[in-house]
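One-letter residues, chain by chain:
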Amino acid sequence: MKKQLLFLVLMLLPMLASANPVEIDGIYYNLITENKTAEVTSNPNKYSDEVVIPSSVTYNDVEYSVTSIGYQAFYSCSSLTSITIPNSVTSIGVYAFYGCTSLASITIPNSVKSIDEGAFNDCSSITSVNIPNSVTSIGDGAFGGCSSLTSIIVESGNTVYDSRGNCNAIIETTTNKLIAGCKNTIIPNSVTSIGAQAFCRCISLTSITIPNSVTSIDGYAFDGCSSLTSITIPNSVTSIGSSAFAYCSSLTSITIPNSVTSIGQEAFHGCSSLTSITIPNGVIYIDPSTFNGCSSLTSITIPNSVTSIGSSAFAHCSSLTSITIPNSVTIIGSCAFERCSSLTSITIPNSVKIIGSSAFANCSSLTSITIGSGVKKIDSYAFGDCTELTDVYCYAVNVPQTVTDAFDDSKVEYATLHVPDESLEQYKNTSPWSSFGKIVGLSTEIIFIEKDHSASVLIQNNGGMLTVQGAQDGTPVSVYTIAGTEAGSAVSQNSCATISTSMQQGDIAIIRIGERSIKVVLK
């Protein structure tokens, strides 16, 4: 065994000897003695101005052919204005020219076979790219953030990529995936997917038409397209990748078709001008931070296909005034609605079992919380720092497992807790529920109860939030004022319909359940 290890060490010595870069005429290289090749590597003091890479270098009387530009070789060389790459180079490494913001043009020689991930990412002054027919591999985001790009051409004869129909884009020929575009790109009808970082930080892009041949939009595809104002996603698309439209700060509207079944995390993170969004019926999970920081979002429709709301999904949506959580949701993740400072009330349906840590923390306008009967666990600071809280309605007969700081900094000593009558003593003797200034039974909130041989209907009012229990699933339930104006409506799910209205105590409401109507006075 020792002999084998010694043999391996001896075999690796030539490679190890090349590990320390050497400087030749102001350029640093990794020299690989085994095959007499050189790789351009980073300069500790950064390269600047004009750099001409030779096709070969001589060191200690040995000639080396320069065949590659290595990992981060020119990374963040913001003063680099010109680069000459010789015909000997076959590969351009990961992030090789990342952040070379003063580099206005680049000529890729016909010897290059591979351009790795992020190779020219954030080269914001480059205006055109020409891909020679020798290139057979281009990594994700190779030209992401090249915000001044107006022209992208793949030379005819390239067997892997093309720019069909003068589309100003790079398309993988066999997969029909568009992997790089610019503000002048016209997506051809033959494209089936938009690749990762394809238009990433294309800040000059104001509009784009996605054809109905496209089925997927990959991660970061339009990330940081800050001038994009609207976009229509065709009903051929089934998936939207992580951060696909993140930080599209001018995007005011977007249509997501019902064909979409998957929306990746942070897909619309930081879309600060987006005012409304409808999540399609096929979506099951709202991934973490999907709409985080959508500070202009005033309304959102969550379909009853959704079973889980991920962490920070709607965090910092400071203009969101109301949201209806469907009775299909079982988990509300940590920080899901944190700092939704315009939310005044929230109803957590009976289907929810877990409310994550800080789920509604810092919702500074929240006055009323309704917690459904199915909740089993409430995590740390779930309703922390909700300083305007006046009423919490908890329908869970068994006191949920609740972390003691769940209501910290919410001044619950001045708030009223409403719980099932049979559970009053349990809540009064269990922390943190026992901290509420007043704890009363929910029976005091019942404004109507009707029983017959076939069904029972119970109507409750929680500060204008009407709950109708006992209606058959699928039954439409509507609330009208005495003047006949509709105040709200819902469809009964799990024998329960919850309707948010602006009606106040003492108002007369007419509640229509299916074909029958009931007149009640709100308590």
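Because the structure is predicted, anything quoted here is derived from the model rather than measured.

Reading the values: the criteria
Residues numbered from 1 in each chain as written. Predicted model: local features only at pLDDT ≥ 70, side-chain atom pairs only at ≥ 80, totals over all residues. Heavy atoms only, no water. Helix = DSSP H or I, 4+ residues; strand = E, 2+ residues; numbered from the N terminus. Rg over C-alpha atoms; globule rule 2.2 N^0.38 Å. Contact = heavy atoms within 4.5 Å. Areas by Shrake-Rupley, 256 points an atom, 1.4 Å probe, with all protein chains shown as cover. Lys, Arg positive; Asp, Glu negative; His and termini not counted. Charge placed at Lys NZ, Arg CZ, Asp CG, Glu CD. Pairing = 2+ DSSP bridges. Axes fitted to C-alpha atoms, helices over the stretch in contact; angles between N-to-C directions. Patch = residues over 30% accessible without salt bridge, like charges linked within 9 Å, V, L, I, M, F, W, Y side chains within 5 Å. Salt bridge = Lys/Arg side-chain N within 4 Å of Asp/Glu carboxyl O. Core = buried A, V, L, I, M, F, W, Y, C linked by side-chain atoms within 4.5 Å. Buried < 20%, exposed > 50% of the residue type's maximum accessible area, 1.4 Å probe, protein only. Phe/Tyr/Trp six-rings, centres within 6.5 Å; stacked < 30°, edge-to-face > 60°. Disulfide = S-S within 2.5 Å.

**A closer look at the overall build of the protein chain**
Then, in step 1: In terms of regular secondary structure, the protein chain is built from two helices and 42 strands.
Then, in step 2: For the protein chain, the C-alpha radius of gyration of 31 Å lies well beyond 24 Å, the compact-globule estimate for 523 residues.
Then, in step 3: Summarising its shape, the C-alpha atoms of the protein chain cover approximately 100 × 60 × 45 Å along the three principal directions.
Then, in step 4: Within the protein chain, counting contacts between residues at least 6 apart in sequence, those at least 24 apart form 34% of the total.
Then, in step 5: About 22,300 Å² of surface is accessible on the protein chain, with carbon and sulfur atoms providing 48% of the total.
Then, in step 6: Placing the 21 positive and 38 negative side-chain charges of the protein chain at their respective mean positions leaves the two points 7 Å apart.

**Quick notes on the sheet that holds strand 26 (residues 331-332)**
Then, in step 1: Pairing within the open sheet is parallel, and its six strands lie in the order 23-25-26-28-30-32. Since the sheet does not close on itself, it has two edges, and those belong to strand 23 (285-286) and strand 32 (401-402), each with one partner.
Then, in step 2: Bridge analysis of strand 26 against strand 28 (residues 354-355) gives two bridges, and the strand direction is parallel. Bridging from a neighbouring strand, Ile 331 pairs with Ile 354 of strand 28.

**Quick look at the sheet that holds strand 34 (residues 438-441)**
Then, in step 1: With parallel pairing, the five strands of this open sheet are ordered in space as 27-29-31-33-34. Looking along the sheet, the strands with just one partner apiece sit at the ends: strand 27 (345-348) and strand 34. Between one strand axis and the next, the sheet turns by 10 degrees as a mean value, whatever way the strands run.
Then, in step 2: Where strand 27 lies against strand 29 (residues 368-371), four bridges are found, and the strand directions are parallel. Bridging from a neighbouring strand, Ser 345 pairs with Ser 368 of strand 29.

**Digging into a nonpolar patch on the surface**
Then, in step 1: A contiguous nonpolar patch, built from Ile 482, Ile 508 and Val 521 and spanning about 260 Å² of accessible area, is present on the exposed surface.
Then, in step 2: Structurally, Val 521 is set in strand 42 (residues 516-521).

**Quick notes on the nonpolar core**
Then, in step 1: Residues Phe 222 and Phe 314 are the most contacted members of the largest nonpolar core, which totals 88 residues.
Then, in step 2: Secondary-structure elements contributing two or more residues to this core are strand 14 (169-172), strand 27, strand 29, strand 31 (391-394), strand 33 (416-419) and helix 2 (424-428).
Then, in step 3: Discounting chain neighbours no more than four positions away, the residues touching Phe 314 are Ile 279, Ile 286, Phe 291, Ile 300, Ile 302, Ile 309, Ile 323, Ala 336, Phe 337 and Cys 340.
Then, in step 4: Grouped together as the second largest cluster of nonpolar side chains are 50 residues, Leu 31, Ile 83, Ile 92 and Ile 170 included.

**Points about the pattern of salt bridges**
Then, in step 1: Inspection of every chain in the model, using the stated rule, returns four salt bridges.
Then, in step 2: Asp 162 is the partner of Arg 164 in a salt bridge, and the nearest nitrogen-oxygen pair spans 2.8 Å.
Then, in step 3: Arg 164 gets classed as partly exposed once you look at its relative accessible area, which sits at 21%.

**Some points on unusual backbone geometry**
Then, in step 1: Looking along the chain, the bond that leaves Ser 431 and enters Pro 432 is cis, with omega of 5 degrees.
Then, in step 2: Mapped onto the fold, Pro 432 is located in the loop between helix 2 and strand 34.
Then, in step 3: The phi dihedral of Lys 411 falls on the positive side, at around 55 degrees, and the residue is not glycine.
Then, in step 4: Position of Lys 411 relative to the elements: it lies in the loop between strand 32 and strand 33.

**Remarks on the pairing of strand 33**
Then, in step 1: By the alternation rule, side chains of strand 33 split into Thr 416 and His 418 and Leu 417 and Val 419, which are all buried.
Then, in step 2: Taken together, the three bridges between strand 31 and strand 33 define a ladder with parallel strand orientation. When the sheet's bridge partners are listed, Tyr 393 is paired in strand 33 with His 418.

**Here we look at the pairing of strand 6 (residues 62-69)**
Then, in step 1: Note: strand 3 (residues 37-41) against strand 6, four bridges, orientation parallel. In the strand pairing of strand 6, Glu 39 is matched with Ser 68.
Then, in step 2: Bridge analysis of strand 5 (residues 56-59) against strand 6 gives four bridges, and the strand direction is antiparallel. Within strand 6, the residue paired with Val 57 across the bridge is Tyr 64.
Then, in step 3: Counting the residues in the hairpin turn of strand 5 and strand 6 gives two residues, including Asn 60, whose phi is positive at 55 degrees.

**Some words on the packing of aromatic side chains**
Then, in step 1: Within this structure, the stated rule accounts for 19 aromatic pairs.
Then, in step 2: Here the aromatic rings of Tyr 95 and Tyr 98 are separated by 5.5 Å at their centres, their planes lie at 85 degrees, and the arrangement is edge-to-face.
Then, in step 3: Taking the relative accessible area as the measure of exposure, Tyr 95 reaches 26% and is therefore partly exposed.
Then, in step 4: Consider the rings of Phe 407 and Trp 433, whose centres lie 5.3 Å apart with planes at 65 degrees: the pair is edge-to-face. A residue pair is termed long-range when its members are at least 10 positions apart, and Phe 407 in the loop between strand 32 and strand 33 and Trp 433 in the loop between helix 2 and strand 34 qualify at 26 residues.
Then, in step 5: Assessed through its relative accessible area of 3%, Phe 407 is described here as buried.

**Quick notes on the state of the cysteines**
Then, in step 1: Taken as a whole and assessed by the stated rule, the structure comprises zero disulfides.
Then, in step 2: Its sulfur unpaired, Cys 317 is 5.2 Å from the next cysteine sulfur, which belongs to Cys 340.
Then, in step 3: A relative accessible area of 0% means that Cys 317 is categorised as buried.
Then, in step 4: Unpaired in terms of disulfides, Cys 363 finds its nearest cysteine sulfur in Cys 386, a separation of 5.1 Å.
Then, in step 5: Taking relative accessible area as the criterion, Cys 363 reaches 0% and is therefore assigned buried.

**Looking at the side chain of Ser 289**
Then, in step 1: Topologically, Ser 289 is positioned in the loop between strand 23 and strand 24 (299-301).
Then, in step 2: Here Ser 289 falls in the buried class, since its relative accessible area comes to 11%.
Then, in step 3: Leave out the neighbours within four places in its chain, and Ser 289 touches Glu 266, His 269, Ser 311, Ser 312 and Ala 313.

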